[in-house]
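For reference, the chains in residue letters:
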Amino acid sequence: MEFTKENMRFYIFMRCKLGESAKLIHETLQTVCADCAYSYQTVCCWVKEFNEGKESLSDCPRPGQPKSCVNEQTIASIKKDTDEDPHIPVGELSDTNGLLYGTVYTIITEHLRMKKVCAQWIPHLSTVDQKRERVRCATESLNMFERHGPKKLSNIVTGDETWFPFFIIPPKRLNRMWVDGQGERPFVVRPGFQSQKRMFTVFFNYSGPLVVDILPQDTTMTVTYYVQNVLSQVKSAINEQRPKVSTSRTLLLHDNAGPHRARATTQSLRELGIQVLPHPTYSPDLAPCDFWFFPILKDRLAGRKFDRIQDLAKAVNSELQTIPEVDYQGVFWKWQIRLKRCIESHGEYFEGL
């Protein structure tokens, strides 16, 4: 004989009216109904409701929609709408299909196993050849720094140029603030295209910062300036830091900007005996300055306004010295991890490291 919910509820009602405890009622149901019997918690709930005066054997009405609304038809309808428009909001799906917001969300997340994600920002839409070049460069660099490879991470010097505005807008996460019910959102003025700013060139290695060069106002970064001003400072800093070590053991990692790959630059580096590490084009995700150094430096300066270049330069140098040496060392290990990820992704861009 099949025991329905109504059968068991009626049995609980009768035994409850006879003054029996929930524990005894549950034990009897377990003996008679076996696996289809109510759990002890369910029996307790019904005993409580009957003792409080409930006489109906039906469930109390609940807010929301019945579970029967989630069926093959509604799931297929939601799937069709999301396939046609992947950007469609849950609220619009709710209105279109006549379902509650929570019901639609349950269908999307639990039945369709979908989630809404932001588009990934990439610096360049790479061709097949460019992806292959990324893998080639990553493989070549990794082979140099294997456990018993011919090169050491401590010999790498890396650097790049970036613009530092006299006021850096804090990221949105730092602009948030608590306000009361009548409070208004704060305003942050975004600097315009012609806002005051200066170009800094920074080089660092395993031990910390080596060179901080500030491009003179109304001057362009040219090959001549890069060779005569920047690289000469890099050479002097290396000799000062490691006087007994030849610059021929230095490995330079910089990107493919015009002044970096010009013939005069290549010739100057060859004369100094400095070897340039391979770096693929359009690959800021593989450049320590781009994926770690400049972002963290600008985050630290965000929200501070400077009136003079001297004050900005002093703040930049001060922040450079506060970064622990272990962080400078760690970024080169992260660089190796990124090279491996580049190879694993067959040259595609990636995030999250």
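Within each chain, residues carry numbers counting from 1 in the order of the written sequence. The model is predicted, so local features are restricted to residues of pLDDT at least 70 and side-chain atom pairs to those at 80 or more, both for listing and for counting; the totals for chains, interfaces and linings are taken over all residues. Side-chain metrics in this entry use all non-hydrogen atoms of the structure; hydrogen atoms and water are not considered.

### A closer look at the overall build of the protein
By the criteria applied, helices consist of DSSP H or I runs no shorter than four residues and strands consist of E runs no shorter than two, each listed in order from the N terminus. When helices and strands are tallied, the protein shows 14 helices and five strands. Between the two quantities, the radius of gyration covers C-alpha atoms and the globule rule is 2.2 Å times the number of residues to the power 0.38. Rg of the C-alpha trace for the protein: 33 Å, well past the compact-globule value of 20 Å for 353 residues, more than 25% over. For the protein, the C-alpha atoms occupy an extent of roughly 100 × 55 × 40 Å along the three principal directions. For the protein, the proportion of contacts with a sequence separation of at least 24, taken over those separated by at least 6, is 68%. Surface summary for the protein: the accessible area is close to 22500 Å², and the carbon and sulfur share equals 53%. For the purpose of counting charges, residues Lys and Arg are taken to be positive, whereas Asp and Glu are taken to be negative. His and the chain ends are not included. For the purpose of locating charges, the reference atoms are NZ of Lys, CZ of Arg, CG of Asp and CD of Glu. When the 45 positive and 41 negative side-chain charges of the protein are each reduced to one mean point, those points stand 7 Å apart. Should any heavy atoms of two residues lie within 4.5 Å, those residues are considered in contact. The accessible surface values rely on the Shrake-Rupley method and a 1.4 Å probe; as for residues, cover is taken only from the protein chains in view.

### So, the sheet that holds strand β1 (residues 156-165)
Any two strands between which DSSP finds at least two bridges are classified as paired. Overall, mixed pairing links the five strands, which are arranged β3-β2-β1-β4-β5 in an open sheet. Since the sheet does not close on itself, it has two edges, and those belong to β3 (208-214) and β5 (275-276), each with one partner. With two bridges connecting them, strand β4 (residues 251-253) and β5 associate as parallel partners. Its bridge partner being in β5, Leu252 is matched across the sheet by Val276.

### Side note on the environment of Thr96
Within the secondary structure, Thr96 is located in helix α5 (residues 90-97). Residues Thr96 and Asp81 lie 15 residues apart in sequence; the distance between their C-alpha atoms is 9.2 Å. For the purposes of these results, a polar contact is taken to be a pair of N or O atoms within 3.5 Å, where, inside protein, one atom must be able to donate a hydrogen and its partner to accept one; residues adjacent in sequence count only when each atom of the pair is a side-chain atom. Among the polar contacts made by the side chain of Thr96, one reaches the main-chain carbonyl oxygen of Glu92 at a distance of 2.8 Å.

### Considerations on the packing of helix α7 (residues 128-144) against helix α14 (residues 325-344)
The geometry of α7 relative to α14 is characterised by a closest axis approach of 9 Å and an angle of 135 degrees between their N-to-C directions. When the axis of α7 is compared with that of α14, the two are oblique. Crossing of α7 over α14 shows left-handed handedness. The residues of α14 that touch α7, namely those facing Arg134, Val135, Ala138, Thr139, Ser141 and Leu142, are Trp335, Gln336, Leu339, Lys340, Cys342 and Ile343. Gly falls in the polar group here, along with every residue not listed as nonpolar (Ala, Val, Leu, Ile, Met, Phe, Trp, Tyr, Cys, Pro) or charged (Asp, Glu, Lys, Arg). Of the residues in the contact of α7 with α14, the class split is seven nonpolar, three polar and two charged. Note on geometry: axes are lines fitted to C-alpha atoms, helical ones only across the stretch in contact, with angles between N-to-C directions running from 0 to 180 degrees. Roughly parallel here means an angle under 35 degrees, roughly antiparallel means over 145, roughly perpendicular means 65 to 115, and every remaining angle is called oblique. A crossing counts as left-handed when the near helix is turned anticlockwise from the far one by less than a right angle, and as right-handed when that turn is clockwise.

### Some thoughts on helix α9 (residues 223-241)
The span you would expect from a helix comes to 1.5 Å times its residue count less one. The terminal C-alpha atoms of α9, which comprises 19 residues, lie 26 Å apart, in line with the 27 Å expected from a rise of 1.5 Å per residue. Two axes are fitted around each residue, one to the seven residues ending there and one to the seven starting there, and the angle between them is reported as the bend at that residue. If you look at α9, its biggest bend is around 30 degrees, right at Leu231. What α9 keeps buried is the set Tyr225, Tyr226, Val227, Val230, Leu231, Val234, Ala237 and Ile238. Considering only its buried residues, α9 is in contact with β1, β2 (197-205), β3, α10 (258-261) and α11 (263-272). With a 1.4 Å probe rolled over the protein chains alone, any residue whose accessible area is under 20% of its type maximum counts as buried; one over 50% counts as exposed, and the rest are partly exposed.

### Some details on the environment of Val223
Take Val223: it is sitting in helix α9. For Val223, a relative accessible area of 27% translates into the label partly exposed. For Val223 and Pro259, which are 36 residues apart along the polypeptide, the C-alpha to C-alpha distance reads 4.5 Å. Sequence-distant contacts of Val223, that is, excluding residues within four places in its chain, are made with Pro259, Ala262, Ala264 and Thr265.

### Overview of the side chain of Glu319
Following the sequence through the fold, Glu319 ends up in helix α13 (residues 309-322). Among the residues examined, Glu319 registers a relative accessible area of 14% and is labelled buried. In this structure, Glu319 is in contact with Leu297, Arg300, Leu301 and Arg304, ignoring residues within four places of it in sequence.

### Focus on the pairing of β2
Counting buried positions along β2 yields eight of nine residues, so the element is predominantly enclosed. One ladder, built from six bridges, connects β2 with β3; its direction is antiparallel. Residue pairing for β3: Phe203 is matched across the bridge by Val211. What sits between the antiparallel neighbours β2 and β3 is a turn of two residues.

### Here's the deal with the side chain of Asn155
By secondary structure assignment, the location of Asn155 is in the loop between α7 and β1. In terms of polar contacts, Asn155 uses its side chain to reach the side chain of Arg242, at 3.1 Å. If near-sequence neighbours (up to four positions away) are discounted, Asn155 is found in contact with Arg242, Arg249, Thr250 and Leu251.

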